[in-house]
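A structural walkthrough
Okay, here's what each chain looks like letter by letter:
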Amino acid sequence: MLRRELVSKLADHIVDLQLHHPIRVAISGITASGKTTLANELAEELRRRKKEVVRTSIDNFHHPRVIRYRQGKDSAIGYYEDAHDYQAFKEKLLIPLGETGNRQYQTISLDLEKDDYVNPEQQLAKDDTIFIIDGTFLLKKELVQFFDYKIMVQTDFEIARKRGAKRETTAFGSYESAETMFLNRYHAASSLYLKEHEPQQNADIVVNNNDVGSPYFL
């Protein structure tokens, strides 16, 4: 399937939802699966259809370094358990957008670069606003109830590792160092996620993204 066709069909599904509150769309997948790119493309497609879209990520809701790295910077368990502040994510973003929420939301709780908590002014969502939210572990069992449409991006680990290592070569100093970090931390954590939470079973739709030019629905 051509990529633009798949993105258009996803947009069709979302637009067809009949809700009386903002639509919360989750896009999950292992690290470097292509979920962020898909989320950006989907947001653009919905905006072309004159929909009001808020594009954000769970990566705006990290824990500070003292918590994030308490089990070690290379620890897969540490990344899996300690990277994200799920309580803030739910209370500041997801719950206010739900059926009984007050529509007052924030899209960030931590300035990652400064490693400081932030408390920006709350924004007010309209009932027809669509929130496109990406994140590696979004379809954990304790989070799925807070999303209205759930997309799982499936990409083979080897393909994602190569993509990710190439992307992070500068950040880690070399391709080999980046690849090692993916193996030992990010993808080891992703394996735990797939095993413990079976996100494909929690998703409304699964997209195979091994070939970025020709993804397809599973």
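The present account deals with the structure reproduced in this document. (Residues numbered from 1 in each chain as written. Predicted model: local features only at pLDDT ≥ 70, side-chain atom pairs only at ≥ 80, totals over all residues. Heavy atoms only, no water.)

Attention now goes to the packing of helix α1 (residues 3–15) against helix α2 (residues 35–48). At a minimum axis distance of 9 Å, the contact between α1 and α2 shows a crossing angle of 65°. As α1 packs across α2, the resulting crossing turns out to be right-handed. Across from Arg3, Leu6, Val7, Ser8, Leu10, Ala11, Ile14 and Val15 in α1, the residues of α2 making contact are Thr37, Leu38, Glu41, Leu42, Glu45 and Leu46. For the contact of α1 with α2, the class distribution of residues is nine nonpolar, two polar and three charged. (Axes fitted to C-alpha atoms, helices over the stretch in contact; angles between N-to-C directions. Helix = DSSP H or I, 4+ residues; strand = E, 2+ residues; numbered from the N terminus. Left-handed = near helix turned anticlockwise from the far one by under 90°. Contact = heavy atoms within 4.5 Å. Nonpolar A, V, L, I, M, F, W, Y, C, P; charged D, E, K, R; others polar.)

All right, on to the pattern of salt bridges then. Applying the stated rule across the entire model yields 15 salt bridges. Among the ionic pairs, Lys162 bridges to Glu158, the shortest N-O distance being 3.4 Å. Here Lys162 and its partner Glu158 are both found in helix α6 (residues 157–167), four residues apart, which amounts to about one turn of the helix. On the accessibility criterion, Lys162 (43% relative accessible area) is partly exposed. The exposure class assigned to Glu158 is partly exposed, which follows from its relative accessible area of 46%. Residues joined by salt bridges that share partners form a network here, namely Asp12, Glu45, Arg48 and Arg49. (Salt bridge = Lys/Arg side-chain N within 4 Å of Asp/Glu carboxyl O. Buried < 20%, exposed > 50% of the residue type's maximum accessible area, 1.4 Å probe, protein only.)

A few words now on the packing of α6 against helix α8 (residues 175–197). One way to put it is that α6 packs onto α8 with a least axis distance of 9 Å and a crossing angle of 135°. With respect to α8, the axis of α6 lies oblique. Judged by the sense of rotation from one axis to the other, the crossing of α6 with α8 is right-handed. Residue-level contacts link Phe157, Ala160, Arg161, Lys162, Gly164, Ala165, Lys166 and Arg167 of α6 to Tyr175, Ala178, Glu179, Phe182, Leu183, His187, Ser190, Ser191 and Leu194 of α8. In terms of residue class, the contact of α6 with α8 is built from eight nonpolar, four polar and five charged. (Parallel < 35°, antiparallel > 145°, perpendicular 65-115°, else oblique.)

What follows is about α1. Given a rise of 1.5 Å per residue, 13 residues ought to cover 18 Å, and the 18 Å separating the end C-alpha atoms of α1 matches this to within 8%. When α1 is considered as a whole, its buried residues turn out to be Arg3, Leu6, Val7, Leu10, Ala11 and Ile14. End-on, the buried residues of α1 take up no more than an arc of 140°, which puts them together on one face. Each element contacted by the buried residues of α1 is listed here: β1 (23–29), α2, β7 (130–134), β8 (149–154), β9 (205–208) and β10 (216–217). (Expected span 1.5 Å × (residues − 1). Arc of directions from axis to C-beta.)

Applying the stated criterion to the full structure yields eight aromatic pairs. Among the aromatic residues, those joined into a cluster by ring pairs are Tyr79, Tyr80, Phe137, Phe182, Tyr186 and Tyr193. Looking at Arg68, its charged tip hangs above the ring of Tyr69, at a distance of 5.0 Å from the centre. Geometry around Phe137 places Lys140 over its ring, the cationic atom sitting 5.4 Å from the centre. (Phe/Tyr/Trp six-rings, centres within 6.5 Å; stacked < 30°, edge-to-face > 60°. Lys NZ or Arg CZ within 6 Å of the ring centre and 35° of its normal.)

What follows is about unusual backbone geometry. At Ala32, a residue that is not glycine, the phi angle is positive and equals roughly 70°. Counting through the fold element by element, Ala32 comes out in the loop between β1 and α2. The phi dihedral of Arg103 falls on the positive side, at around 70°, and the residue is not glycine. On the basis of relative accessible area, Arg103 is assigned to the buried category, the value being 11%.

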